[in-house]
Amino acid sequence: MNAQEIRNAYLKYFEDRGHAIVKRAPLVLHDDPTTLFTGSGMQPIIPYLLGEQHPEGNRIVDSQTCLRAMDIEEIGDNRHTTFFEMLGNWNMGGNPANYKKEQIEWMWDFLTNVVGLDASKLYITCYIGAPEYDIEKDIEAADVWAKLFDEKGLSSGQADVGSEEAGYQRGIKDGERIFFYDGSKNWWSRNGAPESTPIGDPCGPDSEMFYDFGTQHNPEFGEHCHPNCDCGRFLEIGNNVFMAYKKVADGKFEPLEKPNIDHGSGLERIAAAKLDDPDVFKISLMWPIIEKLEKLSGKSYDSHTNAMRVIADHLRAATFLAVDGCVPSNKEQGYVMRRLLRRAIRFAFELGIEQNFLQEVVPVIADLYHDDFPEVAEKREEVIAVLIKEEKAFRQTLRKGLKFVLASGKEHDGVRVMSGEEVFTAYDTYGYPPELTAEIIAINPPVTDEELNQSNKLATVRLSENWREEFDAKMAEQRQRSQTAAKGTFKGGLGGQTMQHKKYHTATHLMYQALRDVLGDHVIQRGSNITEERLRFDFSHPEKVTREQLDQVEEIVNREIAKDLQISFKEYPTEEATGRLGALGQFGDRYGDTVKVYSMKDEKSPAHERPFSFEICGGPHVDHTLQLFEDGKKFKITREEASSAGIRRIKAILA
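Residues numbered from 1 in each chain as written. Predicted model: local features only at pLDDT ≥ 70, side-chain atom pairs only at ≥ 80, totals over all residues. Heavy atoms only, no water.

### Thoughts on the overall build of the protein
Logical step 1: Along the backbone of the protein there are 20 helices and 20 strands.
Logical step 2: Since a compact globule built from 655 residues should have a radius of gyration of about 26 Å, the 27 Å found for the protein is in line with a globular shape.
Logical step 3: A principal-axis box enclosing the C-alpha atoms of the protein has dimensions of 80 × 80 × 45 Å.
Logical step 4: The contacts of the protein with a sequence gap of at least 6 include a subset with a gap of at least 24, amounting to 70%. (Helix = DSSP H or I, 4+ residues; strand = E, 2+ residues; numbered from the N terminus. Rg over C-alpha atoms; globule rule 2.2 N^0.38 Å. Contact = heavy atoms within 4.5 Å.)

Okay, here's the thing in structure tokens:
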């Protein structure tokens, strides 16, 4: 059973058990300003886990594409990728008496009988409990697992571990199969462990499934191996989250009357387990890309493993970003997309692939997904064109970088000495990996400065003795900056939806309609970004918006806020919402059969009168518009400028 077959079998398995199959959400969620990408399978489902009614009912199943770009430079081992698929199933409102048992038995059946994994290689973790919060140890889940192992004639010993560090100290004893960890490992909330769980949120223990590849333990990760060890022997392939509690106050949790199931399994990881090979790049969604790279380069995967892994991963991610309407740019999602593409092209140089190669590789990726994701087939040619255009532009940048490398270095005893900081500049500005810079210096014969100016050849240049340490130091600085920024814009989920975000989100809807009132119905949203301090809105318009027109927009928005429009939403069939009802839609979004439409209307107006704002959106918003005027604030446009050809950008504040 290959990865594609596992995906389809999973969807059918849970559909046969009363779950509605829902389409994947795009990688860029335009109604969630707190995150750049869909970073987890549950992220698009969070509003429903928090109490909203899903249009498809209480039981749903999907395969969600995800992108995590916080540690792009770390890609290259056998199990981590920036792009991946999560198989998910949810039960929003289960029976406390049997919801854990039902879910555990289903996943056991699917993994061991449908996929055919060797049950003797499965290991389980459960929550150890928190007596200080009156949260019990999850013996209920552990006992269900133990019975399933017993029925297979396998050991089912249970062990209290506690922290990850404790796991490295104690390891695994004979017969142990089920391990209890603390809240840092086996508790789910939007903010992590019980003490960090937001008041008012559902939360609860989880039970994770690990596959044992039996590889040798690497003691660099800890003295002894255990399921949560990062050495690569154990690979987490799935997680059952049991949302059994609600945090009602600091240090106090109450049981939910109707708990939730949130399950997520990594498709690539299950497929690797099915092959009994810890290298996820050998699965059917990856290996054809590797084979194409081997053919193009004339080199083997075994000899150039890291480069081929990076290229395969990054191009899968960039392909799906393009499918979901993202284009390379120097800001936000477009910047990450550009970075992924340029890293892939840089690593192609390591393979000796210097010709344009995306036109060869991207079709291979499209072929892997077009049967199961129709949007990939629909946008195939458009996606290829977008990526090829970026590759051509980057290769021009690489030529500029070559000139930089050839002219670098400070003269010392008649020799130019290139520092690690200059090597980093070549990497960061021009996309030159340090290995490429070193290779250029090694293969070019020394010439004089005069000849350099005339022929663009390399003068007598060598790398400084400690260039690698200098380069690594600059890389560490950059990584620290990225991780600091990641605490904000890269975080997943809707946890950052503060009242200020809701206010600016509401103001964005009002401004969108006001722009159409002033400029015309050709105005279509082309992007937005909301922070705690301001809103930013991109829209189609062929010319600069005059100050007079901006004043009109301001006046309309403030007028409607002053009316204290009441804000509500309702689910509609998509064709009705976008057709007869004429709801504005998010740019580039694909919709399922049903959509949520937010309405902002003056309660004093006639019932038949159209709301001022009537727009498809996932929310959230304030309850009524006068909340935007709290503390004496008004809506003000602070800047209007060009974003790109035919696209204008407005920034506005509440002040």
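Read on for the rest.
### Focus: the pairing of strand 19 (residues 635-644)
Logical step 1: As defined by bridge partners, strand 19 adjoins strand 20 (residues 647-654) across 8 bridges and the pair is classed as antiparallel. Considered in strand 20, the bridge of K636 is made with I653.
Logical step 2: Connecting strand 19 to the antiparallel partner strand 20 that follows it, the hairpin turn spans 2 residues, and G646 within it adopts a positive phi of roughly 75 degrees. (Pairing = 2+ DSSP bridges.)

### Describing the sheet that holds strand 14 (residues 525-530)
Logical step 1: Spatial strand order, 14-15-20-19: 4 strands in an open sheet with antiparallel pairing. Both outer strands of the open sheet, strand 14 and strand 19, are each paired with one neighbouring strand and no more. For this sheet, the mean angle separating the axes of adjacent strands, direction not counted, is 20 degrees.
Logical step 2: Here strand 14 runs beside strand 15 (residues 535-540); their pairing, made up of 5 bridges, is antiparallel. The partner of Q525 across the bridge, within strand 15, is F539.
Logical step 3: Most of the contacts of helix 18 (residues 499-519) go to strand 15, to which it runs at about 30 degrees, and overall it touches strand 14, strand 15, strand 19 and strand 20. (Axes fitted to C-alpha atoms, helices over the stretch in contact; angles between N-to-C directions.)

### Things to note about the packing of aromatic side chains
Both the distance between ring centres and the angle between the ring planes are used here to describe each pair of aromatic rings.
Logical step 1: Applying the stated criterion across every chain yields a total of 27 aromatic pairs.
Logical step 2: Relative to F539, the ring of F537 lies with its centre 6.0 Å away and its plane at 20 degrees, an arrangement referred to as stacked.
Logical step 3: Members of the aromatic cluster, joined through ring pairs, are Y10, Y13, F14, W106 and F110.
Logical step 4: One residue, R24, lies across the ring of F373, its end atom 5.8 Å from the ring centre.
Logical step 5: Positioned above the aromatic ring of Y123, the side-chain terminus of R177 is 4.7 Å from the ring centre. (Phe/Tyr/Trp six-rings, centres within 6.5 Å; stacked < 30°, edge-to-face > 60°. Lys NZ or Arg CZ within 6 Å of the ring centre and 35° of its normal.)

### Side note on the pattern of salt bridges
Logical step 1: Tallying each qualifying case throughout the model produces 36 salt bridges.
Logical step 2: A cluster of three or more residues bridged by salt bridges with shared partners is formed by R7, E85 and D372. (Salt bridge = Lys/Arg side-chain N within 4 Å of Asp/Glu carboxyl O.)

### Section: unusual backbone geometry
Logical step 1: Positive phi outside glycine occurs at D134, with the angle close to 60 degrees.
Logical step 2: For D134, the location among the structural elements is in the loop between strand 4 (122-127) and helix 4 (139-151).
Logical step 3: Taking relative accessible area as the criterion, D134 reaches 67% and is therefore assigned exposed.
Logical step 4: Within the chain, D564 stands out as a residue other than glycine whose phi angle is a positive 55 degrees.
Logical step 5: One can find D564 in the loop between helix 19 (547-562) and strand 16 (566-573). (Buried < 20%, exposed > 50% of the residue type's maximum accessible area, 1.4 Å probe, protein only.)

### Thoughts on the confidence of the model for the protein
Logical step 1: Taken as a whole, the protein shows an average pLDDT of 87; of its residues, 91% reach a score of 70 or greater.
Logical step 2: Low pLDDT (under 50) marks residues 445-459, which in the prediction has 29 contacts with non-local residues, meaning those over four places away or in another chain.
Logical step 3: A low-confidence stretch, residues 485-497 stays under pLDDT 50, and its non-local contacts, those more than four residues away or across chains, total 39 contacts. (pLDDT = per-residue confidence, 0-100.)

### Digging into the environment of H226
Logical step 1: In this structure, H226 sits in the loop between strand 8 (202-212) and strand 9 (234-249).
Logical step 2: It is 10.0 Å that separates the C-alpha atoms of H226 and D212, two residues lying 14 residues apart in sequence.
Logical step 3: Leave out the neighbours within four places in its chain, and H226 touches E164, G167, Y168, I172, Y181 and F234.
Logical step 4: Polar contacts involving the side chain of H226 include one to the side chain of Y181, which spans 2.7 Å. (Polar contact = N/O pair within 3.5 Å; in protein donor to acceptor, adjacent residues only side chain to side chain.)

### Some points on the nonpolar core
Logical step 1: Ranked by size, the top nonpolar core spans 114 residues in total, and within it F110, W145, L315, L321, F357, Y369 and L387 carry the most contacts.
Logical step 2: Counting residues per element, this core draws most heavily on helix 9 (residues 305-323), at 12 residues.
Logical step 3: Judged by nonpolar contacts, the second largest core, of 35 residues, contains Y504, A507, I561 and L654. (Core = buried A, V, L, I, M, F, W, Y, C linked by side-chain atoms within 4.5 Å.)

### A closer look at the pairing of strand 6 (residues 176-181)
Logical step 1: Burial within strand 6 is extensive, with 6 of its 6 residues counted as buried.
Logical step 2: Where strand 4 meets strand 6, 4 bridges bridge the pair, whose relative direction is parallel. By the bridge assignment for strand 6, Y127 is matched with Y181.
Logical step 3: Pairing between strand 5 (residues 157-162) and strand 6: 5 bridges, direction parallel.

### Some words on helix 11 (residues 358-369)
Logical step 1: Between its first and last C-alpha atoms helix 11 spans 17 Å; for 12 residues at 1.5 Å apiece the expected length is 16 Å, and the two agree.
Logical step 2: The element helix 11 is extensively covered by neighbouring structure, given that 9 of its 12 residues are classed as buried. (Expected span 1.5 Å × (residues − 1).)

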